[in-house]
Amino acid sequence: IQMSSLEVSEEVRQYLKTPTFDNWQWEDAEIMVLLQLMYTDLDFITTFNIEPEVLREFLFEVYRRYNHIPFHNFKHCFCVTQMMYGLIWLTDLRSRMDSVDLLIMLTSAVCHDLDHTGYNNAYQINARTELALRYNDISPLENHHCAVAFEILEKTECNIFRNVPSEQYKRIREGIIKCILATDMSRHNEILVKFKSLLPTFDFSSKDHRDVLMMILIKVSDISNEARPMEVAEPWLDCLLQEFYNQSDVEKLEGLPVTPFMDRDKVTKPSSQTGFIRFVLLPLFMELANLFPCLELHIIDPVRKALGYYTEMEKALERAKSCSSS
Ligand SMILES: COc1ccc(NC(=O)[C@H](C)Nc2nc3c(cnn3-c3ccccc3C)c(=O)[nH]2)cc1
Ligand SMILES: [Zn+2]
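Residues numbered from 1 in each chain as written. Chains lettered and ligands numbered in written order. Predicted model: local features only at pLDDT ≥ 70, side-chain atom pairs only at ≥ 80, totals over all residues. Heavy atoms only, no water.

S.K.: So, helix α14 (residues 269-291): which residues are in play, and what are the values?
M.R.: Compared with the 33 Å implied by 1.5 Å per residue over 23 residues, the 32 Å span of α14 between its first and last C-alpha is a close match. Maximal helix bending in α14 amounts to about 45°, located at I277. (Helix = DSSP H or I, 4+ residues; strand = E, 2+ residues; numbered from the N terminus. Expected span 1.5 Å × (residues − 1). Bend = angle between axes of the 7 residues up to and from the residue.)

Here it is in structure tokens:
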């Protein structure tokens, strides 16, 4: 289906700004148009003099550089970008941050997992892959995603920033590097602690404060599946576990260390989620809600519901296990 941006109804344009958007209902060709629409509706086309044809070429090259793997694929890129887009509207961020920062956030989300191979940093480092060697074990995946993003932007026909002044381009490049590198979950606590320390006197006129907020926003967008309706979120967990199980199977075959929460013989859906939601997701979202209270209703409530759902599922599994063993 060729959906030109003109054909997107006002209803879909509004729905696209909400965290309940269901990615599973849309084909890739339609998603390409929805991504263009985000750049248009945030006025990036006019503000940064982006030629629509260049934006289409950029998004097509991004589409080609995501791999066909269960989780870290083009649909994940769209989900993260759509959540970032929803957060920008939900928190009315346009009134607090300038367009350059918003352009950095949206473009970082689009590019943040480019050419992901389905094997995480622990695997890259343990298996001494080319990426681990090239990046000296320092966030090998995230460094690669970012390098691929700028390989694409080096192509004139894909360079959506080709009409911005060089000073602004330098700021955009610095911001995208910071945001994409911030998605390395091994830095989760470092970034959260820094954000927590700024909260009591958060100052939108401070570049340092805005930089940490942008890192928090891409982190939240990246791992926010459970903030979506259950029928949208649950299939994503199946995809994630498929990718994790594939990695742990390969690790066992190659005699490499196996990450416990990836081992199909150890992890169950509910057990992986209850821990993740309680110890990673909720603390992160609650810190952000300190700055934007409206997120309590739109993001935190759905996550608490998901926690309840997986806790019940965990108990049911326990009961079933105790029955079968007794
Ligand atoms: C601190 O580093 C961590 C912490 C937790 C996890 N993942 C988990 O605990 C488990 C497997 N669950 C989980 N992990 C998730 C989700 C969304 N993204 N995501 C994910 C995917 C790839 C890499 C890291 C994470 C957190 C999700 O809904 N659940 C992975 C890395
Ligand atoms: Zn991601």
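S.K.: So what about the coordination of the zinc ion (ligand 2)? Which residues, and what values?
M.R.: For a metal with four tetrahedral donors the ideal donor-metal-donor angle is 109.5 degrees, while six octahedral donors give ideal angles of 90 or 180 degrees. The coordination sphere of the zinc ion (ligand 2), as far as protein atoms go, consists of H76 (NE2), H112 (NE2), D113 (OD) and D222 (OD), spread over 2.0 to 2.2 Å. For the zinc ion (ligand 2), the four donor atoms in the first shell make angles of 84 to 172° at the metal, a pattern classed as irregular. (Donors = N, O, S within 2.8 Å, 3.2 Å for Na, K, Ca; no water. Tetrahedral: all angles 85-135°; square planar, octahedral: opposite > 155°, others 65-115°.)

S.K.: Explain the environment of Q82 to me, and be specific about the residues and the numbers.
M.R.: For Q82, the position within the fold is in helix α5 (residues 74-90). Here Q82 falls in the buried class, since its relative accessible area comes to 1%. Ignoring sequence-local partners within four residues, the contact set of Q82 consists of Y15, L16, T18, F21, M38 and R228. Separated by 2.7 Å, the side chain of Q82 and the backbone oxygen of T18 make a polar contact. (Buried < 20%, exposed > 50% of the residue type's maximum accessible area, 1.4 Å probe, protein only. Contact = heavy atoms within 4.5 Å. Polar contact = N/O pair within 3.5 Å; in protein donor to acceptor, adjacent residues only side chain to side chain.)

S.K.: Talk me through the site of ligand 1; I want residue IDs and the actual numbers.
M.R.: What surrounds ligand 1 is the set H72, M185, I223, L240, F244, F261, S272, Q273 and F276. A distance of 2.7 Å separates a nitrogen atom of ligand 1 from a polar side-chain atom of Q273. Surface burial for ligand 1 is 79%, taken as the share of its 580 Å² of free accessible area covered by protein chains. Mapped by element, the contributors of at least two residues to the shell around ligand 1 are α13 (230-253) and α14. For the shell around ligand 1, the element with the most residues is α14, which contributes three residues. (Near = heavy atom within 4 Å. Areas by Shrake-Rupley, 256 points an atom, 1.4 Å probe, with all protein chains shown as cover.)

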